[in-house]
Amino acid sequence: MKSPEPPLKEAINYYGHKPVESIENREAKRSPGARANKARELYFEAKSSASVEFPYWYTRRWEELEGEIPIVRRGEAMKAAFEHLTPVIYPGELLVMGKAAYLRGSYPMPWLSEAFFMAAEDKLYKEAMESGKLTADSFTTVGKGGGNVTQSSGNVISIAGKFGLRKEELPILMEVAKKWKDKSVDDIGHKYEQLVPGYKEKEALMRSVICMFDSGYTLPQGREVVNFYYPLQYGIDGIIRICEEGINETAGSPGMDRIYFYHAVILMLKGLQSWIRNHAEEARFLSSLEKDEKQKQEFDEIAGRLEWLSTSRPRNFHDALQMIWIFHTAVLNEDAISGLSPGRVGQVLYPYWKRDIENGTIDREKTLELLECMRIKFTEIDCFASMGVVGGVLSGNTFNNLCIGGLKKDGTQASNELEMLIMEAGITCDTPQPTLSLLYDEKLPEEFLMKGIECTKIGTGYPAWVNNQVAMEFLLSNYGHEGMQMEEARAWSIGGCLETSPGSWMPLELDGETCWIPGGSAPATSVGVHFLSLPKLLEVTLFDGLDMRSGERIFPSHGYALNSYDELWSAFKTYFHRAVHVLTLTNNIQHDAWRKISPSLVNSMLKPDCLKNGKDIGQMGSRYNTTFNVESCGTANLVNSLASLRKNVYDDKKYSLADFRNAILANFGFKTAQETGSYSLIDQVATEDYHNWKHIHKAGLDAPKFGNDDAYVDRIMADWENWFCTMTHEFRSLYDQPLYACQISVSTHGPMGAVTMASPDGRLSGTTFSDGSVSAYPGTDRNGPYALFESASCWDHSLSQNSQMNMKIHPSVVKGREGSRKFLELIRAYMRKGGFHVQFNIVDSRMLKEAQAEPDKFRSLLVRVAGFTQYWVELGKQIQDEVISRTEYEEL
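Computed from a predicted model, the values in this text were never measured in an experiment.

Asks: Just give me the short version of the overall build of the chain, but keep the residues and values in it.
Replies: Looking only at helices and strands, the chain features 33 helices and 25 strands. Across its three principal directions, the C-alpha atoms of the chain cover 80 × 65 × 60 Å. Restricting to contacts in the chain with at least 6 residues of sequence separation, those with at least 24 account for 77%. Per element, the accessible surface of the chain, about 28,800 Å² overall, is 50% carbon and sulfur. Of the charged side chains in the chain, 96 are positive and 117 negative, and the gap between their average positions amounts to 1 Å.

Asks: Lay out the sheet that holds strand β6 (residues 211-213) in plain terms, naming residues and giving numbers.
Replies: Spatially, β6-β16-β19-β20 is the arrangement adopted by the 4 strands of the open sheet, whose pairing is mixed. Two strands lie at the open edges of the sheet, namely β6 and β20 (740-742), each paired on one side alone. Along the sheet, successive strands turn relative to each other by an average axial angle of 35°, direction set aside. The pairing of strand β19 (residues 628-633) with β20 spans 3 bridges and is classified as parallel. Residue pairing in the sheet places glutamate 631 in a bridge with cysteine 742 of β20.

Asks: Give me the lowdown on the packing of helix α10 (residues 293-309) against helix α11 (residues 317-332), citing residues and values where you can.
Replies: Between two packed helices, both the angle of their axes relative to each other and the distance between the axes serve to describe the pair. Two numbers describe how α10 lies on α11: the axes approach to 11 Å, and their chain directions differ by 65°. Between α10 and α11, the angle falls in the class roughly perpendicular. The interaxial crossing formed by α10 with α11 has right-handed handedness. On α11, the residues touching Arg305, Leu306, Trp308 and Leu309 of α10 are His318, Asp319, Gln322, Met323 and Ile326. Taken together, the residues of the contact of α10 with α11 sort by class into 5 nonpolar, 2 polar and 2 charged.

Asks: Tell me about the pairing of strand β5 (residues 163-166), and please be specific about residues and values.
Replies: Successive side chains on a regular strand alternate, one facing one side of the sheet and the next facing the other. Pairing of strand β4 (residues 156-159) with β5, which is carried by 4 bridges, proceeds in the antiparallel orientation. Along β5, the bridge assignment pairs isoleucine 157 with leucine 165. Between β4 and β5, which pair antiparallel one after the other, the connecting turn spans 3 residues, and alanine 160 there sits at a positive phi close to 60°.

Asks: Can you lay out empty space enclosed by the protein for me, pointing to particular residues and giving the numbers?
Replies: In the structure shown here, the tally under the stated rule is 12 cavities of 30 Å³ or more. Counted as a void, the largest cavity has a volume near 170 Å³. Around the largest cavity sit 18 residues that line it, and Met97, Gly98, Lys99, Ala100 and Tyr102 are the ones nearest its centre. Here the residues of the lining of the largest cavity are counted per class, giving 11 nonpolar, 4 polar and 3 charged. When we break the lining of the largest cavity down by domain, the ones giving at least three residues each are domain 1 (11-45 + 363-502 + 805-892) and domain 2 (47-194).

Asks: Account for the layout of surface pockets, naming residues and giving values.
Replies: In this approach the atoms are scanned with a rolling probe the size of a water molecule, which exposes any empty space left behind. A volume near 520 Å³ is recorded for the largest pocket. Every residue lining the largest pocket is counted, 21 residues in all, and those nearest its centre are Tyr350, Pro351, Lys354, Cys515 and Trp516. Breaking the lining of the largest pocket down by element, the ones donating at least two residues are α13 (350-359), β14 (503-510) and β15 (513-520). In terms of residues, the lining of the largest pocket owes the most to one element, β15, which gives 6 residues. Split by residue class, the lining of the largest pocket holds 9 nonpolar, 4 polar and 8 charged.

Asks: Break down helix α5 (residues 170-179) for me, with residues and values.
Replies: Here α5 has its buried residues at Leu173, Met174, Val176 and Ala177. Along the axis of α5, the buried residues cluster in a sector spanning 170°; they form a single face. Against α2 (53-64), β4 and β5 lie the buried residues of α5.

Asks: Any details on the pattern of salt bridges? Residues and values, ideally.
Replies: Think of it this way: side chains of opposite charge can pair up when their charged atoms draw near. This structure, assessed with the given rule, holds 53 salt bridges. Here lysine 833 ties to glutamate 790 by a salt bridge, and the two come within 3.1 Å at their closest N and O atoms. Of the two residues, lysine 833 sits in the loop between α31 (816-832) and β22 (837-842) while glutamate 790 sits in helix α30 (residues 785-792), which places them 43 residues apart along the sequence. Put simply, Arg30, Glu424, Lys451 and Glu454 are held in one network by salt bridges that share partners.

Asks: Break down the side chain of glutamate 721 for me, with residues and values.
Replies: Examined against the element boundaries, glutamate 721 turns out to sit in helix α28 (residues 711-727). Despite its burial, glutamate 721 pairs with no opposite charge; the closest candidate is lysine 573, at 14 Å N-O. Once you skip the residues sitting within four places of it in the chain, glutamate 721 turns out to touch Thr635, Gln743 and Trp795.

About the thresholds
Residues numbered from 1 in each chain as written. Predicted model: local features only at pLDDT ≥ 70, side-chain atom pairs only at ≥ 80, totals over all residues. Heavy atoms only, no water. Helix = DSSP H or I, 4+ residues; strand = E, 2+ residues; numbered from the N terminus. Contact = heavy atoms within 4.5 Å. Areas by Shrake-Rupley, 256 points an atom, 1.4 Å probe, with all protein chains shown as cover. Lys, Arg positive; Asp, Glu negative; His and termini not counted. Charge placed at Lys NZ, Arg CZ, Asp CG, Glu CD. Pairing = 2+ DSSP bridges. Axes fitted to C-alpha atoms, helices over the stretch in contact; angles between N-to-C directions. Parallel < 35°, antiparallel > 145°, perpendicular 65-115°, else oblique. Left-handed = near helix turned anticlockwise from the far one by under 90°. Nonpolar A, V, L, I, M, F, W, Y, C, P; charged D, E, K, R; others polar. 1 Å grid on protein atoms, 1.4 Å probe; cavity = no way out; pocket = protein on both sides within 12 Å on 5 of 7 lines; lining within 4 Å. Points joined across faces, edges and corners; volume = space filled by probe spheres on them. Domains from an automatic or database assignment. Buried < 20%, exposed > 50% of the residue type's maximum accessible area, 1.4 Å probe, protein only. Arc of directions from axis to C-beta. Salt bridge = Lys/Arg side-chain N within 4 Å of Asp/Glu carboxyl O.

In structure tokens, the structure reads:
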């Protein structure tokens with residue numbers, strides 16, 4: 001029997017007229033210079049590769065120092081690891097050094113967690129599976145193209161579905177990993193988190209993927225902004241002198257814990273100096289072999305620059321750019337980190353650049369070449385983690401967010417010509433990293449904003465447009481009790497993909513003048529309860545505490561009969577509150593284990609006021625410490641589902657709650673996404689039983705949907721946001737600071753949707769959730785972009801660390817100068833309504849369908865996912881399907 005047609009037939013969701021027959025290309029873009037283009041082609045050929053060099057030397061030295069003060073032991077281990085990293089310099093590079101010896105290299109950190117390195121039959125891996133930690137891996141897809149090593153082949157073993165490891169290194173990895181058994185942050189945290197009352201609920205939450213992952217050992221740092229002030233102002237020798245002075249002042253006195261911190265920082269810095277000098281020696285060696293005079297000169301210049309920077313502060317723009325790259329990479333090497341943002345680099349480096357331009361030692365063409373090379377270096381960064389994290393959260397991205405715009409210390413607009421060149425480099429050398437965020441403020445000049453539009457139009461997805469005023473309101477509210485004032489609120493940046501992160505103004509002295517430069521002044525601003533699945537929690541609420549996919553009981557009965565909408569809402573809030581409570585307690589224990597076993601040294605040394613206080617960031621040494629949050633996923637599906645139940649069950653009484661429960665169990669008469677291999681709603685296949693469920697499915701689909709300026713559903717969104725953003729403050733981090741709401745999906749809406757049954761809004765089992773937090777569910781925003789803006793701004797965005805909106809626009813709509821101005825007015829309209837963030841895919845969806853079918857033809861195609869840009873071929877199918885299904889605006 002032929003299956004009936006499902007209710008949604010259209011292969012692509014459109015708003016406005018349908019596009020012309022031929023696929024529309026993105027607006028013409030410029031090409032990178034020869035140097036950057038060659039480096040990018042080399043990147044395209046490279047594979048994500050794991051090295052055991054750093055963990056081997058780290059662990060070897062760690063074991064030699066049994067009984068040493070833990071933070072000093074950490075400093076010694078890091079020193080040994082940095083000293084033994086193999087230096088690699090590629091011909092043509094103007095900026096050098098990287099995480100590992102491979103172009104796309106990274107390495108496991110078994111002192112954080114050793115379990116997921118093991119083969120499936122290994123006892124350690126099985127123990128991890130039993131504790132529910134790796135469940136998300138089973139429901140995550142990783143992109144099959146590009147640099148991902150998804151399968152073992154020849155002499156290379158695939159780890160976490162992404163990284164290639166040489167077979168001869170596997171025994172070393174296994175031996176090193178086993179030395180951390182029962183000693184890693186993961187194992188120690190797991191040991192003590194079991195003391196938390198209700199711990200079994202925590203494990204059930206992880207197995208059901210209501211919570212995506214633990215943050216204490218997976219990604220303990222990141223989602224923050226680096227502060228480059230100290231190496232720029234003092235140089236490495238100068239920082240060592242600061243530490244030595246700190247030791248002299250405190251040795252033997254009360255508070256002498258400071259001397260151990262200072263001593264550990266000195267050890268780490270001496271390791272960094274060896275690492276830098278080893279690369280200088282490599283450059284000298286390469287120069288001795290080189291026949292080409294130009295390349296020989298470049299190797300000599302690299303050597304001279306690194307030799308200088310191993311001790312001293314930068315002399316010029318090129319030095320300063322190399323210095324910030326060295327320290328950015330050094331932070332990445334001390335932990336498994338995603339979302340380490342360089343911040344407002346164009347403003348940090350502007351004093352050097354302005355001086356060099358004025359004295360004629362650099363020109364704009366050379367500047368652009370250096371900025372293109374910087375983009376390549378950031379794109380090469382990889383983060384080694386489990387498949388659930390790398391694929392299900394990061395989509396292979398590392399979220400190095402470079403911010404432009406905003407305001408200066410005195411409240412005047414902060415854009416400058418170097419930031420214009422940073423955007424130009426983003427146009428000519430379109431790579432995923434660093435992504436750009438434009439801190440929109442009404443004071444920014446039109447020329448600057450139009451440059452941002454030009455950059456967005458080429459289809460890179462960057463810059464994202466972020467509301468400067470809304471962010472400052474959040475910061476003053478969240479950090480005011482720690483002393484933040486308006487002047488310092490202006491120093492903020494985005495940490496990670498979209499985390500509002502506090503900053504400070506630092507006094508850089510250059511040529512006798514004081515230049516106030518912005519930089520991060522808090523540790524990771526997105527650690528805490530990492531991604532709660534709102535539709536899954538509603539599912540568990542409807543089934544009185546049961547996960548119907550697995551049959552496991554997650555919570556005891558909520559005790560509500562659910563005879564009214566108010567009872568349903570109360571039951572949902574009860575379970576949500578319960579989940580946040582137990583996950584906060586266990587997360588605090590994990591992070592306490594992290595700060596004791598693996599304290600930050602590089603990042604701490606950089607952050608004000610750790611050197612002043614003699615404390616690392618784990619001991620609240622930094623200026624601001626209210627940095628733990630509760631992250632959510634699937635907001636639009638939750639709100640739409642509540643609207644459907646309120647409308648169909650409680651208001652119109654068209655169906656009973658039992659009817660919807662049965663329809664959910666039957667998946668509304670459709671095959672599951674796992675059966676069809678397609679993860680968007682529009683591509684699902686009906687079964688022979690569909691006729692039994694088509695009316696209730698249509699009722700769910702026809703119920704009011706968020707994104708259409710419909711007060712019925714928007715009131716539900718406002719109720720949710722006001723409650724969520726307030727209730728998080730009830731919970732305290734291990735620093736005894738209140739938590740706050742964080743609302744980004746990253747890539748979690750793929751694997752979280754995969755484990756969630758059908759939902760009352762008509763979404764089907766296994767299909768991907770809505771992206772972001774104020775994005776409409778694909779195909780349901782039918783009244784145009786301005787109606788979407790009205791819905792999205794129905795609540796105060798400054799109550800939350802962020803909100804996230806993704807939109808897809810056909811290239812023809814914004815073509816030319818007139819299209820650019822119309823595009824900017826669209827963005828302005830949303831910012832003026834109080835929207836926090838909006839980002840765009842400028843693409844013909846048919847091109848994405850073609851690229852999915854023939855990925856080899858689209859190796860360089862970039863798309864915007866959720867706070868980040870990534871090569872299409874490196875995205876998993878769950879996310880590819882979701883991006884294709886987003887509503888494509890054919891008119892504004």
